[in-house]
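If you want the building blocks of each chain, they are given just below.
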Amino acid sequence: MPTFIVLLGPPGVGKGTQAKILSKKTGLAHISSGDLFRENLKNQTELGKLAQTYMTKGELVPDDVTVAMVKDRLTRPECKMGAILDGFPRTPAQAQALETMLQDFNGQVDSVPFIAAGEDVLLERLTSRWTCRAEGHVFNAKTNPPQVTGKCDFDGSELYQRDDDKEETVKNRIKVYFNQTSPLISYYQNHGKLVEINGAQSIDRVTQDLMAALNK
Ligand code: AMP
């Protein structure tokens, strides 16, 4: 049976960073809905242009298009063993749609690590975040700088600051998270899937805690 892990947590808590590490360690595919939207935007697809109108404001892209995009990715061969979902689901409707689609793959949501940190930590991390153009690797100007300024350590591509990492948009993204996504905490808690992880720790410590939670 395939394994599906949902990484839950507010923007800037380190879901993307940890999903990349866990994907390497477990061999499971990494699916980031935000990366998929950014890829569509880069390629100027209709979906990308639609998503941009929401992303620049820090709002959520409507459920129907988001669900269809993730479903399309989940049907690819690289997800046969399962996947680590990063940034999806973000609403109760998306969580329900995910359950239905995983049934088609004889799977289910196996574990939901909820990575938590205070708003001050999130704001600080997002506004000093630098992202690589090629693969979305992330660095932090203060706590996790790249070896060469402006260049990704992993693939040498250019680092840029995401438009939606500007302070005003960041504040709205955090608000949207509390209003629309945080109900998923109790949803997965009630399903017995949630494991809380302290996201204010170093990258290595968070990975250790995540691996310990997943091995249980
Ligand atoms: P992220 O890279 O996860 O921070 O996502 C960046 C932006 O993409 C979000 O602020 C939303 O506008 C959009 N987005 C990503 N994932 C979702 C989702 N599951 N549902 C709706 N919008 C999303």
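The shown structure was predicted, so the numbers you read here are calculated from the model rather than taken from an experiment. (Residues numbered from 1 in each chain as written. Predicted model: local features only at pLDDT ≥ 70, side-chain atom pairs only at ≥ 80, totals over all residues. Heavy atoms only, no water.)

Got a minute to help me understand the pattern of salt bridges in this structure?
It is possible for side chains of opposite charge to pair when their charged atoms get near one another. In total, this model carries twelve salt bridges according to the counting rule given. Between Arg129 and Asp165 there is a salt bridge, with the nearest N and O atoms lying 3.0 Å from each other. Pair noted here: Arg129 is in strand β5 (residues 129-132) and Asp165 is in the loop between β7 (159-160) and α7 (167-181), with a separation of 36 residues, a long-range link. Residue class for Arg129 comes out buried when judged on its relative accessible area of 14%. Across the pair Glu167 and Lys171 runs a salt bridge, and its minimum N-O distance is 3.3 Å. (Salt bridge = Lys/Arg side-chain N within 4 Å of Asp/Glu carboxyl O. Helix = DSSP H or I, 4+ residues; strand = E, 2+ residues; numbered from the N terminus. Buried < 20%, exposed > 50% of the residue type's maximum accessible area, 1.4 Å probe, protein only.)

What exactly am I supposed to notice about α7 here?
Counting along an α-helix, one turn takes 3.6 residues, and residues three or four places apart therefore face a common direction. Between its first and last C-alpha atoms α7 spans 20 Å; for 15 residues at 1.5 Å apiece the expected length is 21 Å, and the two agree. Within α7, the full set of buried residues consists of Thr169, Val170, Asn172, Arg173, Ile174, Val176, Tyr177 and Thr181. Buried positions along α7 lie against α3 (46-55), β4 (109-116), α6 (119-127), β5 and α8 (183-190). (Expected span 1.5 Å × (residues − 1). Contact = heavy atoms within 4.5 Å.)

Just to check I follow, could you spell out the nonpolar core for this structure?
Nonpolar side chains tend to gather and get buried jointly when the protein is soluble and globular. Of all hydrophobic cores here, the largest spans 32 residues; its most connected members are Leu8, Leu74, Leu98 and Tyr188. Setting aside its immediate chain neighbours within four residues, Tyr188 contacts Val6, Leu8, Pro89, Ala95, Leu98, Val109, Val112, Lys193 and Leu194. Counting 16 residues, the second largest nonpolar core, distinct from the first, contains Ile84, Leu122, Ile197 and Val206. (Core = buried A, V, L, I, M, F, W, Y, C linked by side-chain atoms within 4.5 Å.)

How do you make sense of the layout of surface pockets when you look at a structure like this?
Summary: where empty space remains is shown by rolling a probe the size of a single water molecule over the atoms. Each pocket or cavity is described by its volume, and for the second largest pocket that value is around 840 Å³. Elements that contribute at least two residues to the lining of the second largest pocket include exactly α1 (15-26), β2 (29-32), α2 (33-42), α3 and β5. Among the elements that make up the lining of the second largest pocket, the one with the highest residue count is α2 (six residues). A breakdown of the residues in the lining of the second largest pocket according to their chemical character gives seven nonpolar, nine polar and twelve charged. (1 Å grid on protein atoms, 1.4 Å probe; cavity = no way out; pocket = protein on both sides within 12 Å on 5 of 7 lines; lining within 4 Å. Points joined across faces, edges and corners; volume = space filled by probe spheres on them. Nonpolar A, V, L, I, M, F, W, Y, C, P; charged D, E, K, R; others polar.)

Any chance you could explain the packing of aromatic side chains here in plain terms?
How two aromatic rings sit relative to each other is set out by the distance from centre to centre and by the angle between their planes. By the definition in use, this model includes three aromatic pairs. Between Tyr187 and Tyr188, the aromatic rings sit 5.0 Å apart at their centres with planes inclined by 85°, giving edge-to-face as the arrangement. Tyr188 carries the same exposure label as Tyr187, and that label is buried. It is Arg133 that lies over the ring of Tyr160; its NZ or CZ is 4.2 Å from the centre. (Phe/Tyr/Trp six-rings, centres within 6.5 Å; stacked < 30°, edge-to-face > 60°. Lys NZ or Arg CZ within 6 Å of the ring centre and 35° of its normal.)

Whenever I open this one, the site of the ligand confuses me. Can you help?
Around the ligand sit 16 residues in total, of which Ser33, Arg38, Glu59, Gly87 and Gln94 are the nearest. The contact in question runs from an oxygen atom of the ligand to an N or O atom on the backbone of Glu59, over 2.6 Å. Here an oxygen atom of the ligand sits 3.1 Å away from a polar atom, N or O, in the side chain of Arg173. Within the complex, 96% of the 480 Å² of free accessible area of the ligand lies under protein. Counting residues per element, the shell around the ligand draws most heavily on α2, which supplies four residues. (Near = heavy atom within 4 Å. Polar contact = N/O pair within 3.5 Å; in protein donor to acceptor, adjacent residues only side chain to side chain. Areas by Shrake-Rupley, 256 points an atom, 1.4 Å probe, with all protein chains shown as cover.)

How should the sheet that holds β7 be read in this particular structure?
Strand order in this open sheet of three strands is β6-β5-β7, and the pairing throughout is antiparallel. Each of the sheet's edge strands pairs with one partner strand only, and the pair in question is β6 (138-140) and β7. Pairing geometry for β5 and β6, over three bridges, is antiparallel. Each residue of the ladder has a partner; that of Trp130, found in β6, is Phe139. (Pairing = 2+ DSSP bridges.)

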